[in-house]
Amino acid sequence: MTKKIAVLPGDGIGTEIVEQAVKVLKALGEDFEYEYADVGGVAYANHGHPLPPETLALAKEADAVLFGAVGDFKYDTLPRALRPEQAILGLRKNLNLFANLRPAVCYPELVSASTLRPEVVSGLDLVIVRELTGDVYFGTPRGRREAPDGPFKGAEEGFDTMRYSRPEVERIAHVGFRTAMQRRKHLTCVDKSNVLETSQLWREVVTEVSKQYPEVKLDYLYVDNAAMQLVRAPTELDVVLTGNLFGDILSDEAAMLTGSIGMLASASLNEKGTGLFEPSHGSAPDIAGKNIANPIATVESAAMMIRYAFHMDEQADRIEAAIRKVLSDGIRTGDIWSEGCEKVSCSGMGDAIRAA
Ligand code: NAI
Ligand code: MG
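Residues numbered from 1 in each chain as written. Chains lettered and ligands numbered in written order. Predicted model: local features only at pLDDT ≥ 70, side-chain atom pairs only at ≥ 80, totals over all residues.

Visitor: What is the right way to look at the overall build of the chain in this model?
Guide: Per the secondary structure count, the chain includes 12 helices and 14 strands. Looking at the chain as a whole, 45% of its 356 residues qualify as buried. (Helix = DSSP H or I, 4+ residues; strand = E, 2+ residues; numbered from the N terminus. Buried ≥ 20, exposed ≤ 12 C-beta atoms within 10 Å, placed from the backbone.)

What follows is the structure, encoded as structure tokens:
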């Protein structure tokens, strides 16, 4: 059956990198239909809103969304509701994208580009599964008030509420365990259950859900220890399952293990297992229009799209194998280039992956 892909390139390097991903997808020879729409700054410029109704309707109706990046400094003065970045929040909310998957892989060829020592990152291949719609970012009540108690009683204070409900933890736990089943069958639950009530519930629910996945080895880390282990021995991790706040911080930390932001893909999934697939980086206005951006994060996101939304594991493996082949052939964009390698443009990298 035809799979319809909503292609939303967005701003800056978005157009260039998404074009490479589409190029690689087309080379698979599958029955995919591509429908393009504006999102972000370009959508504001053309339609007066960063997430126009037509774009949202397309995203909802499609089998998956392939997203580039949004944002440009020239929109910085717009009111918050009209800024390009609002499009991402709107899509997350409207498509109910509650699960964010961010793999961090250190390809052997790029070990030297990592911020860590080769012996630490060599063989790194983990994925952070982050809950995306709950936690202290969205919990109410929140706001400003007079402190009701404590040593500064009566002083102005800001407060937020950390909340997670049982079903909310259950559904993200299932995503975590299903992801682990497709990988090395090892899941690490990251929380702060020595201090937080939300984390105690989180750990309890994850432990219960784990009974449905007897093949998966489950262990636990407090988030502070997890931050340490990520730089001490990241290769010991496979799937890291955590909440919105902890996942936000840990996934940026994990990003630095891999070499370049241009290598990092991400998937945001909903209950149906479909969702939005995008590189972790932004629109990089400093290099936009120069055909020098690294498209690998976007190509890898397309691989995740067909793996998670279309269940085309074999085709996704082919794309990932092609990325590895190109890297081991010494083909590099500027951000990952080193002495002795062949430097290619953004489209050159797309062509090389397609050929592989
Ligand atoms: P950025 O990720 O766009 O760029 C950070 C640095 O990394 C820049 O020097 C850029 O040239 C480089 N870079 C990023 N992607 C690259 C790639 N594929 N290949 C080679 N180099 C790459 O973050 P920045 O500069 O903070 O934000 C720029 C704009 O992007 C802002 O408007 C921001 O709000 C937006 N943004 C959008 C996101 C999204 O669409 N999901 C995520 C993050 C930022
Ligand atoms: Mg972040």
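Here the narrative resumes, following the displayed structure.
Visitor: I'm lost on the confidence of the model for the chain in this one. Help?
Guide: Interpretation of this model should avoid reading the predicted coordinates in detail wherever pLDDT is low. Looking at the chain, the pLDDT average stands at 94 and 99% of residues meet or exceed 70. Across the whole predicted complex the pTM is 0.89, and at the interface the ipTM reaches 0.97. (pLDDT = per-residue confidence, 0-100.)

Visitor: Where do I start with the sheet that holds strand S12 (residues 275-279) in this structure?
Guide: Note: strands within a sheet are paired through backbone hydrogen bonds, in either parallel or antiparallel orientation. One open sheet holds the 10 strands; their spatial order is S2-S1-S3-S12-S11-S4-S5-S10-S8-S9, and the pairing between them is mixed. Since the sheet does not close on itself, it has two edges, and those belong to strand S2 (32-36) and strand S9 (217-222), each with one partner. Direction aside, the axes of adjacent strands within the sheet are offset by 20° on average. (Pairing = 2+ DSSP bridges. Axes fitted to C-alpha atoms, helices over the stretch in contact; angles between N-to-C directions.)

Visitor: Can you walk me through the site of ligand 1 in this structure?
Guide: In the region of ligand 1, 22 residues are neighbours, and Gly 71, Gly 262, His 281, Gly 282 and Asn 294 sit closest. The residue inventory of the shell around ligand 1, partitioned by class, reads 11 nonpolar, 6 polar and 5 charged. (Near = placed C-beta within 6 Å. Nonpolar A, V, L, I, M, F, W, Y, C, P; charged D, E, K, R; others polar.)

Visitor: Even after reading the chapter, I still don't get helix H10 (residues 296-309), so can you show me in this structure?
Guide: One turn of an α-helix holds 3.6 residues; hence residues three or four places apart share an orientation. When the terminal C-alpha atoms of H10 are compared, their 19 Å separation across 14 residues agrees well with the 20 Å that a helix rising 1.5 Å per residue should span. Of all 14 residues in H10, 14 are buried, a share of seventy percent or more. Looking one or two residues past H10, His 311 carries a phi angle of roughly 55°, positive in sign. (Expected span 1.5 Å × (residues − 1).)

Visitor: Hey, could you run me through the packing of helix H8 (residues 223-232) against helix H9 (residues 244-255) in this one?
Guide: Geometrically, a packed helix pair is captured by the angle between its two axes and the distance between the axes. Contact geometry for H8 and H9: axes closest at 10 Å, N-to-C directions at 10°. With respect to H9, the element H8 is oriented roughly parallel. For the pair H8 and H9, contact is made by Val 223, Ala 226, Ala 227 and Leu 230 and by Phe 246, Leu 250, Glu 253 and Ala 254, respectively. For the contact of H8 with H9, the per-class residue count stands at 7 nonpolar, no polar and 1 charged. (Parallel < 35°, antiparallel > 145°, perpendicular 65-115°, else oblique. Contact = placed C-beta atoms within 7 Å.)

Visitor: Teacher, can you tell me more about the domain arrangement of the chain here?
Guide: Interface extent is often summarised as the accessible area lost during association of the parts. Under the domain assignment used here, the chain contains domain 1 (1-98 + 261-356) and domain 2 (125-256). Taking only C-alpha atoms, the centre of domain 1 and the centre of domain 2 are 27 Å apart. Counting residues at the interface gives 9 residues for domain 1, matched by 7 residues for domain 2. Split by residue class, the side of domain 1 that touches domain 2 holds 5 nonpolar, 2 polar and 2 charged. (Domains from an automatic or database assignment.)

Visitor: Just to check I follow, could you spell out the environment of Asp 191 for this structure?
Guide: Looking at where Asp 191 falls in the secondary structure, it is placed in strand S8 (residues 186-191). Judged by the 25 C-beta atoms lying within 10 Å of it, Asp 191 falls in the buried class. Along the primary structure Asp 191 and Arg 203 are separated by 12 residues, whereas in three dimensions their C-alpha atoms are 7.2 Å apart. Excluding residues within four positions of it along the chain, Asp 191 makes contact with Ser 199, Trp 202, Arg 203, Tyr 222, Val 223 and Thr 242.

Visitor: Hey, could you run me through the nonpolar core in this one?
Guide: By size, the foremost hydrophobic cluster in this structure holds 101 residues, and its most contacted members are Val 65, Leu 66, Val 129, Val 240, Phe 277 and Ala 302. Here the element with the most residues in this core is H10; it accounts for 10 residues. If you count residues domain by domain, this core takes at least three from each of domain 1 (1-98 + 261-356) and domain 2 (125-256). Not counting residues up to four positions away in its chain, the partners in contact with Phe 277 are Ala 64, Val 65, Leu 66, Phe 67, Ala 267, Ser 301, Ala 302, Met 304 and Met 305. (Core = buried A, V, L, I, M, F, W, Y, C linked by C-beta atoms within 7 Å.)

Visitor: Sorry if this is basic, but what is going on with the pairing of strand S4 (residues 99-105) here?
Guide: On a regular strand, each side chain points to the face opposite its neighbour's, so the side chains alternate between the two faces of the sheet. Most of S4 is tucked away, with 7 of its 7 residues classed as buried. In this structure, S4 lies alongside strand S5 (residues 125-131), joined through 7 bridges in antiparallel fashion. By the bridge assignment for S5, Ala 99 is matched with Glu 131. Taken together, the 3 bridges between S4 and strand S11 (residues 265-269) define a ladder with antiparallel strand orientation. When the bridges of S11 are listed, Asn 100 appears paired with Ser 268.

Visitor: Help me understand unusual backbone geometry in this model?
Guide: Comment: phi is negative for the bulk of residues other than glycine, and the bulk of peptide bonds are trans. Here the bond from Thr 140 into Pro 141 is cis, since omega is 0°, no more than 30 degrees from zero. Positive phi values are uncommon outside glycine, yet Ala 284 reaches one of about 40°. Relative to the helices and strands, Ala 284 is located in the loop between S12 and H10. A positive phi angle, close to 55°, is found at His 311, a residue other than glycine. As for its position among the elements, His 311 is in the loop between H10 and helix H11 (313-328).

Visitor: Would you mind showing me how to read the environment of Trp 202 here?
Guide: By the secondary structure assignment, Trp 202 is in helix H7 (residues 197-210). Sequence-wise, Trp 202 and Gly 243 are 41 residues apart; in three dimensions their C-alpha atoms are separated by 8.6 Å. Beyond its immediate stretch of four places on either side in the chain, Trp 202 contacts Tyr 164, Val 169, Asp 191, Ser 193 and Gly 243.

Visitor: Even after reading the chapter, I still don't get the pairing of S9, so can you show me in this structure?
Guide: With 6 bridges connecting them, S8 and S9 associate as parallel partners. Among the inter-strand pairings, His 186 is bridged to a residue of S9, identified as Lys 217. Each parallel crossover has a hand, and for S8 linked through H7 to S9 it is right-handed. (Right-handed = clockwise from strand over helix to strand, strands pointing away.)

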